[in-house]
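What follows is each chain in one-letter form.
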Amino acid sequence: MPDTSLPSKVAVDRLLGNAALWGVAAATVAFAVLTLWAALSLPQFSGQFVAKDDAVYLTTGNFEGRVTGLSNPQVLLFTPEAADFVPEPDTLPSYADYDRFVSRQAVLNRMAQGDFIRVWIDGAPVHDLRRQPRTISDLTPHFWSPMVTGLIVFFIGGWVWAMRPRELVTRLLFFNAFGLMISALSMAVYGARPLAVEPHLFLSLMVLNHAGAALFGTSILALLMIYPRQLTSGNWALAMLFSVVPIVVADQMRLLGSPGGTYLVNGVHTLGILGLIAAQAVATRHDPRGRAALVWLGVSVALGTVAWMTVVTLYALSGDLTAMPEAYAFLSFLVIYLGLAFAVSRFRLFEAGDWAFRILFFALAAVLFIALDAALVYVAHLGQSPAMTVAMLLIAFGYLPLRDGLWRRLVRGKAMDDEARFAAALDIVHAPATERADRWANLLHGLFEPLRVEAIPGDVTQATIAGEGVDLRVPSFVPGQSLRLSEPRLGRGLFGPTQERQVRQLWSLIDSGVAGLEAYERGAKAERRKVAQDLHDDVGARLLSGLMVADDRTRPILQSALADIRTLSSAMLAEAAPLDHVLADVRAEAAGRLEAAGIALDWEPLDSTAVIDHAQQKALVSGVREIVSNIIRHSGAAQVVVAVRLDKGLTLTIADDGKGFDVNLTEGNGLPGLRVRFSAAGGHADISSGTGVCVTLHLPVTERILSGMDAYG
């Protein structure tokens, strides 16, 4: 009974995946609408408050002044502070400062419920700011950056999960996306507030922000524990994921030391992530696909994490961590997440190495440029413009050549220049047709060092990557077949676009060369056919006419010339000739020469459909001539007997009844050359002597009907 469980499981997975994808899309839209509604519901007035230099300034279309007080019927007088407008309140140094911030937000929020706010500039009431509706155009990049990042991440995570909903690794990726999204969306609302957020809403948003950040870190750690290689059991990975719960509890119970204690937790997560990446690098050292997935992970995590930690460190060293634009930091988290998504979805793993080096090279160039510029300004005391110019020149003439060298050595591998590519193509094009396939395979093996090169059924017209870069299918010289190269660099790498493009260029050169050579050979063959036909029809016909009227002395000469012309015609066509026709001509020539010498010939004619190619034909005709000449000159024989047999080739035995000779002393009679000639034609010649001499000639022949022009008309 056939097993129908697999198709039903596939159908269920597809149905579940489609439902999950639609659900994720709907949830993405819902979160976007909810976030926009929350942001647009915050009160806004006809002016912007900006905190700088430990003071608060009012900015309108044509005015800017230092604010010393705010008042309206709800609040008689309120003195704003720079801390009231800090984008990230959890960067405040202590819980006391944090609680004071929340209480002052309550006052500002109560004031914002009125229709206007009177602004005091340098101790005097100057402006009345009117309340106005907040529109989408009023939302700043501090809002859009985290919101868009969070929604993109959530949708991508849901998409990857929907493709493989049953796998733990895709579920962990989705948890990671969800954590980053709720952290980003909550910060988008309170971080881009015009004036104040209602305290209960503000505290809820802060809880979501901290919980999302913690979930983002624990889910990455859990994912790296099982992917690309499983370093521990899935239960330990789940335990790591749910460690977010005690972190959130400790944060809400104020056990982390300060409002920014979650930054310390994020730092610990970062160290754990880097440690697990190192462990995965060891575990995947013999797994090219796992290593490629790890490259996506490692480069994105390292680049995003280092960028974020660099920003935090610089603002911490400046002594003003509250000024840090954390909203823009979510762009670095987007880089991390895209690397995770590419790795888990196994997106174009064969390009991971190329892209990793591109990203690292450009990132390193940016870091070097900034470092050189800073050093020239602050150490060498150059001006800003000269320092920037010198830094650019150093990068251009120092770093870029080094980068290109590393790229060729580490990424491109054994790339061939134009001269080497042309030479390799010519070597294969001009090789015998029977050797082209072997030379092509040897060239590919030398270029890529694959563990396996095997013929598989099916034609391909150009090189194609398969198996996520493990295999490369390439055209073959054998009809109906292609070659599959597996696991390049002795199993340590993957095939990428560079290798694919290199093989396509090589095959294009070789294919064009072979086509051109075949076209030339067809033209040359047509010309040879014309000359051969002229020899056969004109010169041969004249010799045949002369043979009809020749006397006994000239008839053998004309017969020999006619046979030579027929042999030459066949050789020019490079075609096989009917064996019985060739033997008939050889028999007629031998009979005429032996009869003139007074020697009888006993040779039964052969009726066969076998054919013999021109090289073997030449060996046969020349060999029989040489033997007949020796019989006439040296044997003193009265009779020659020729036996013809077809059995796995042609066997021709020529025996005379002459005086014989010592077969070990054959110099001067041409018999050593006979063995060499037949060996070159793929056969052999055996000579024995007793009562007379017996020469056995053997040549391979083909049992088939001759195609093309019959040289014998």
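Cut-offs and rules
- Residues numbered from 1 in each chain as written.
- Predicted model: local features only at pLDDT ≥ 70, side-chain atom pairs only at ≥ 80, totals over all residues.
- Heavy atoms only, no water.
- Pairing = 2+ DSSP bridges.
- Helix = DSSP H or I, 4+ residues; strand = E, 2+ residues; numbered from the N terminus.
- Axes fitted to C-alpha atoms, helices over the stretch in contact; angles between N-to-C directions.
- Contact = heavy atoms within 4.5 Å.
- Expected span 1.5 Å × (residues − 1).
- Buried < 20%, exposed > 50% of the residue type's maximum accessible area, 1.4 Å probe, protein only.
- Parallel < 35°, antiparallel > 145°, perpendicular 65-115°, else oblique.
- Left-handed = near helix turned anticlockwise from the far one by under 90°.
- Nonpolar A, V, L, I, M, F, W, Y, C, P; charged D, E, K, R; others polar.
- Salt bridge = Lys/Arg side-chain N within 4 Å of Asp/Glu carboxyl O.
- Lys, Arg positive; Asp, Glu negative; His and termini not counted.

J.: Explain the sheet that holds strand β15 (residues 650–656) to me, please; I cannot follow it from the model alone.
T.: Strands in a sheet are paired, the pairing made by backbone hydrogen bonds, and the direction either parallel or antiparallel. If you trace the five strands from one edge of the open sheet to the other, you get β12-β14-β15-β17-β16, paired in mixed fashion. The open sheet has two edge strands, β12 (600–603) and β16 (684–690), and neither has a second partner. Each strand of the sheet is rotated relative to its neighbour by a mean of 15 degrees, with strand direction disregarded. Across seven bridges, β16 lies against strand β17 (residues 692–699) in antiparallel orientation. Bridged to serine 688 within β17 is cysteine 694.

J.: Is there a simple way to think about the sheet that holds strand β5 (residues 116–121) in this case?
T.: Strand order in the open sheet made by the six strands is β1-β6-β5-β4-β3-β2, with antiparallel pairing throughout. The outermost strands of the open sheet, each flanked by one partner alone, are β1 (44–45) and β2 (48–52). Both β1 and strand β6 (residues 124–132) contribute to a ladder of two bridges, which runs antiparallel. Note that in β6 the partner of glutamine 44 across the bridge is glutamine 132. Across the sheet, helix α2 (residues 95–112) lies against β1, β4 (64–71), β5 and β6, angled at about 90 degrees from β4, the strand it touches most.

J.: Honestly, α2 in this entry has me stumped. Any pointers?
T.: Along an α-helix, a turn takes 3.6 residues, which lines up residues three or four apart on a common side. With 18 residues, α2 extends 25 Å from end C-alpha to end C-alpha; this agrees with the ideal 26 Å at 1.5 Å per step. Every buried residue of α2 is listed here: Tyr95, Tyr98, Phe101, Val102, Arg104, Gln105, Val107, Leu108, Asn109, Met111 and Ala112. Its buried side turned inward, α2 meets β1, β4, β5, β6, α5 (199–226) and α7 (244–252).

J.: Can you walk me through the pairing of strand β10 (residues 481–486) in this structure?
T.: The two faces of the sheet receive side chains in turn, since in a regular strand these alternate between them. Where strand β7 (residues 452–457) lies against β10, six bridges are found, and the strand directions are antiparallel. What sits directly across from alanine 455, in β10, is leucine 483. Of the strand pairs in this sheet, strand β9 (residues 471–475) and β10 are connected by five bridges, and their pairing is antiparallel. Across the sheet, proline 475 pairs through a bridge with serine 482, a residue of β10. Taking the residues that link successive antiparallel strands as the turn, the β9-β10 hairpin has five residues, and the phi of glycine 480 there is positive, at about 80 degrees.

J.: Even after reading the chapter, I still don't get the packing of helix α3 (residues 141–163) against helix α4 (residues 168–191), so can you show me in this structure?
T.: The axes of two packed helices give the description: the angle between them and the distance between them. Remark: α3 packs on α4, axes separated minimally by 8 Å, with the N-to-C direction vectors making an angle of 165 degrees. Between α3 and α4, the crossing angle belongs to the class labelled roughly antiparallel. α4 is crossed by α3, and the crossing has left-handed handedness. Split into classes, the residues belonging to the contact of α3 with α4 amount to 19 nonpolar, five polar and one charged.

J.: What is the right way to read the pattern of salt bridges from this model?
T.: Charged atoms that come close allow side chains of opposite charge to pair. Following the criterion strictly, the structure yields 11 salt bridges and no others. Aspartate 427 is the partner of arginine 439 in a salt bridge, and the nearest nitrogen-oxygen pair spans 3.1 Å. Residue arginine 439 is found in helix α14 (residues 433–448), and its partner aspartate 427 is found in helix α13 (residues 418–429); the two are separated by 12 residues along the sequence. A residue is classified by how much of its surface remains accessible, and aspartate 427, at 43% relative accessible area, is partly exposed. The partner of arginine 484 in a salt bridge is glutamate 454, with the nearest N and O atoms 2.9 Å apart. In this pair, arginine 484 is assigned in strand β10 and glutamate 454 in strand β7, connecting sequence segments 30 residues apart. You can call arginine 484 partly exposed: its relative accessible area is 27%. Looking at glutamate 454, the relative accessible area reads 29%, which means it is partly exposed. Salt bridges linked by common partners bring Glu81, Asp84, Arg100 and Arg104 together as one network.

J.: Is there a simple way to think about the side chain of aspartate 251 in this case?
T.: Along the chain, aspartate 251 turns up in helix α7. Within the buried core, aspartate 251 has no salt-bridge partner, and the shortest N-O distance to an opposite charge, that of arginine 254, equals 7.8 Å. Residues within four places of aspartate 251 in sequence aside, it is in contact with Tyr95, His210, Leu256 and Thr262.

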